[in-house]
Amino acid sequence: MDCPSTSDIVLLHGNSCPELANLIGSRLNIKSGGCSVYHKPNRETMVDIGDSVRGKDCYIIQTGTKDCNNNIMELLIMAYACKTSSAKSIVAVIPYLPYSKQCKMRKRGSIVTKLIAKMMCNAGLTHVITMDLHQKEIQGFFDCPVDNLRASPFLLQYIQESIPDYRNAVIVARNPGSAKKATSYAERLRLGIAVIHGEQKDADNDEIDGRNSPPNVPKGRMSDISSGFPSLVAKEKPPINVVGDVGGRIAVIVDDLIDEVQSFVSAAEVLKERGAYKIYVLATHGLLSSDAPRLIEESAIDEVVVTNTIPHEIQKMQCHKIKTVDISILLSEAIRRIHNKESMSHLFRNVTLED
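All figures in this text were calculated on a predicted structure; none of them were measured in a lab.

Here we look at the overall build of the protein
Thought 1: Looking only at helices and strands, the protein has 9 helices and 14 strands in total.
Thought 2: The buried share among the 355 residues of the protein stands at 49%.
Thought 3: Sequence separation of at least 24 residues holds for 68% of the intrachain contacts in the protein that already meet a minimum separation of 6.
Thought 4: If you sum the accessible surface of the protein, you get close to 17,800 Å²; carbon and sulfur atoms cover 51% of it.

Some details on the packing of helix α4 (residues 152–162) against helix α5 (residues 179–189)
Packed helices, taken two at a time, are described by the angle between their axes plus the distance between the axes.
Thought 1: At a minimum axis separation of 11 Å, α4 and α5 run at an interaxial angle of 55 degrees. Between α4 and α5, the angle falls in the class oblique. Both α4 and α5 take part in a crossing whose hand is right-handed. Across the interface between the two elements, S152, L155, L156, I159 and Q160 from α4 touch Y185, R188 and L189 from α5.
Thought 2: Looking at the contact of α4 with α5, its residues break down into 5 nonpolar, 2 polar and 1 charged.

Remarks on the confidence of the model for the protein
Thought 1: Averaged over all residues, the pLDDT of the protein is 89; the fraction at 70 or higher stands at 87%.
Thought 2: For the protein, per-element mean pLDDT is lowest for strand β10 (residues 241–243), which scores 89, and highest for strand β5 (residues 89–94), which scores 98.

Section: the sheet that holds strand β1 (residues 9–13)
Thought 1: The 5 strands lie next to each other as β1-β4-β5-β6-β7, forming an open sheet whose pairing is parallel. Two strands lie at the open edges of the sheet, namely β1 and β7 (146–149), each paired on one side alone. Within this sheet the neighbouring strands show an average axis-to-axis angle of 15 degrees, counted without direction.
Thought 2: Here strand β6 (residues 127–131) runs beside β7; their pairing, made up of 4 bridges, is parallel.

A word on the nonpolar core
Thought 1: Residues I129, L149, I171, V252, L331 and I335 are the most contacted members of the largest nonpolar core, which totals 48 residues.
Thought 2: If you look at the next biggest cluster of nonpolar residues, it comprises 35 residues, including I60, I116, M120 and V128.

Remarks on the pattern of salt bridges
Thought 1: Applying the stated criterion to the full structure yields 11 salt bridges.
Thought 2: Taking the shortest distance from any N to any O, the salt bridge between E137 and K136 comes out at 4.0 Å.
Thought 3: The exposure class of K136 is partly exposed, given its relative accessible area of 32%.
Thought 4: The salt bridge partner of R274 is E273, with a shortest N-O separation of 3.8 Å.
Thought 5: Three or more residues joined by partner-sharing salt bridges are found here, namely E333, R336, R337 and E342.

A word on helix α1 (residues 18–28)
Thought 1: Every buried residue of α1 is accounted for by L20, A21, I24, G25 and L28. Along the axis of α1, the buried residues cluster in a sector spanning 135 degrees; they form a single face.
Thought 2: Elements that come into contact with the buried residues of α1 comprise β1, β4 (57–61) and α9 (328–339).
Thought 3: Following α1 by one or two positions, N29 has its phi on the positive side, about 60 degrees.

Describing the sheet that holds strand β12 (residues 278–286)
Thought 1: Here 7 strands make up an open sheet; going across it, the order is β10-β9-β8-β11-β12-β13-β14 and the pairing mixed. Of all the strands in the sheet, just β10 and β14 (322–325) have a single pairing partner and so form its edges. For this sheet the average axis-to-axis angle between neighbouring strands, irrespective of direction, equals 25 degrees.
Thought 2: As judged from the 4 bridges shared by strand β8 (residues 169–173) and strand β9 (residues 192–197), these two strands associate in the parallel manner. Directly across from I171, in β9, lies its bridge partner I193.
Thought 3: In the packing of helix α6 (residues 262–273) onto the sheet, contacts are made with β8, β9, β10, β11 (250–258) and β12, and the angle to β11 comes to roughly 165 degrees.

Section: the packing of α1 against α9
Thought 1: Interaxial distance between α1 and α9 falls to 9 Å at its minimum, and their mutual angle equals 55 degrees. Here α1 lies oblique to α9, going by the angle between them. Between α1 and α9 lies a crossing of right-handed hand. Along the contact surface, α1 presents L20, L23, I24, R27 and L28, while α9 presents S328, I329, L331, S332, I335 and R336.
Thought 2: Grouping the constituent residues of the contact of α1 with α9 by class yields 7 nonpolar, 2 polar and 2 charged.

Some points on α4
Thought 1: Listed in full, the buried residues belonging to α4 are S152, F154, L155, L156, Y158 and I159.
Thought 2: For α4, the secondary structure elements touched by its buried residues are α5, β11, β12, β13 (303–307), β14 and α9.

Focus on the environment of V270
Thought 1: Examined against the element boundaries, V270 turns out to sit in helix α6.
Thought 2: Here V270 falls in the buried class, since its relative accessible area comes to 9%.
Thought 3: Sequence-distant contacts of V270, defined by excluding residues within four places in its chain, comprise I240 and V242.

Focus: the pairing of β9
Thought 1: Handedness of the β-α-β unit built from β8, α5 and β9 comes out right-handed.
Thought 2: Sheet analysis places β9 next to β10, joined by 3 bridges and oriented antiparallel. The partner of V195 across the bridge, within β10, is V243.

How each quantity is defined
Residues numbered from 1 in each chain as written. Predicted model: local features only at pLDDT ≥ 70, side-chain atom pairs only at ≥ 80, totals over all residues. Heavy atoms only, no water. Helix = DSSP H or I, 4+ residues; strand = E, 2+ residues; numbered from the N terminus. Buried < 20%, exposed > 50% of the residue type's maximum accessible area, 1.4 Å probe, protein only. Contact = heavy atoms within 4.5 Å. Areas by Shrake-Rupley, 256 points an atom, 1.4 Å probe, with all protein chains shown as cover. Axes fitted to C-alpha atoms, helices over the stretch in contact; angles between N-to-C directions. Parallel < 35°, antiparallel > 145°, perpendicular 65-115°, else oblique. Left-handed = near helix turned anticlockwise from the far one by under 90°. Nonpolar A, V, L, I, M, F, W, Y, C, P; charged D, E, K, R; others polar. pLDDT = per-residue confidence, 0-100. Pairing = 2+ DSSP bridges. Core = buried A, V, L, I, M, F, W, Y, C linked by side-chain atoms within 4.5 Å. Salt bridge = Lys/Arg side-chain N within 4 Å of Asp/Glu carboxyl O. Arc of directions from axis to C-beta. Right-handed = clockwise from strand over helix to strand, strands pointing away.

Below, the structure written as structure tokens:
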């Protein structure tokens, strides 16, 4: 790729993904801008930018990890430091946006993703590059342009090149909510699709938004009119069932994030019982929290494939089934195109909104 001029560009990164930042810098032939991010004994975040950023385009590479609150504060302080140092533009490269699952209203809660977006824009960000947002509508929370890149071409390439006899595979949606993503993969690979139905919902997907019943208010002069409301029928979890044929096939479960893996392990057990002889899990972001490596190692899953949007070297040492796909070339190309004021449509050429 034609690298951007290094005279007016500064590449910075926090403590969340130094390896990914170095890969992006080497592809662009740009040295990191000498930014020191550290914590004082009282856990305050300190940022010291060694090089001048006046009148320059600053690109801050910071992702979300299990230490997401510190990741966010580091990004905000780095962005504000660039803003107060008269940077020309401040672009945040956030491969995994923290709190992106809290993008819906909950009962007596808040839409945390919108709060994070407002904080980032107020800190001085003029552009955001991210990857596979949990919901694409999150882009509307930002008051600046957002480029939501897709990792699906890299994962599709992995299926075609690294899964033997992938033509005998079936793409599996872990729950009905991820059927759209599974359908997109299946159409590109010309494969069939299966959906696991009846699995217990994750807490972050439960539709609890406080609108199930009218609020209890003390009786006053106003007459009670709630007696005419129809009562809601309580939800009952149906028995687990696989919609689609997986017998004698390779099952490929696709999702955007794999964090707590118990639901993936349960899905793999069901697929094994239905006759799948190999089970792969593909996801863009691999948080792999808690004892995820141990559960994967002991499960029926044959391989878990994630990208390097989130560092997971320690988890790979604990579980040999975890494989990594490098997406630094996509992020570096996005930076190059934005800096050179080129169209970004080429990066979305073979990708549809259903991904």
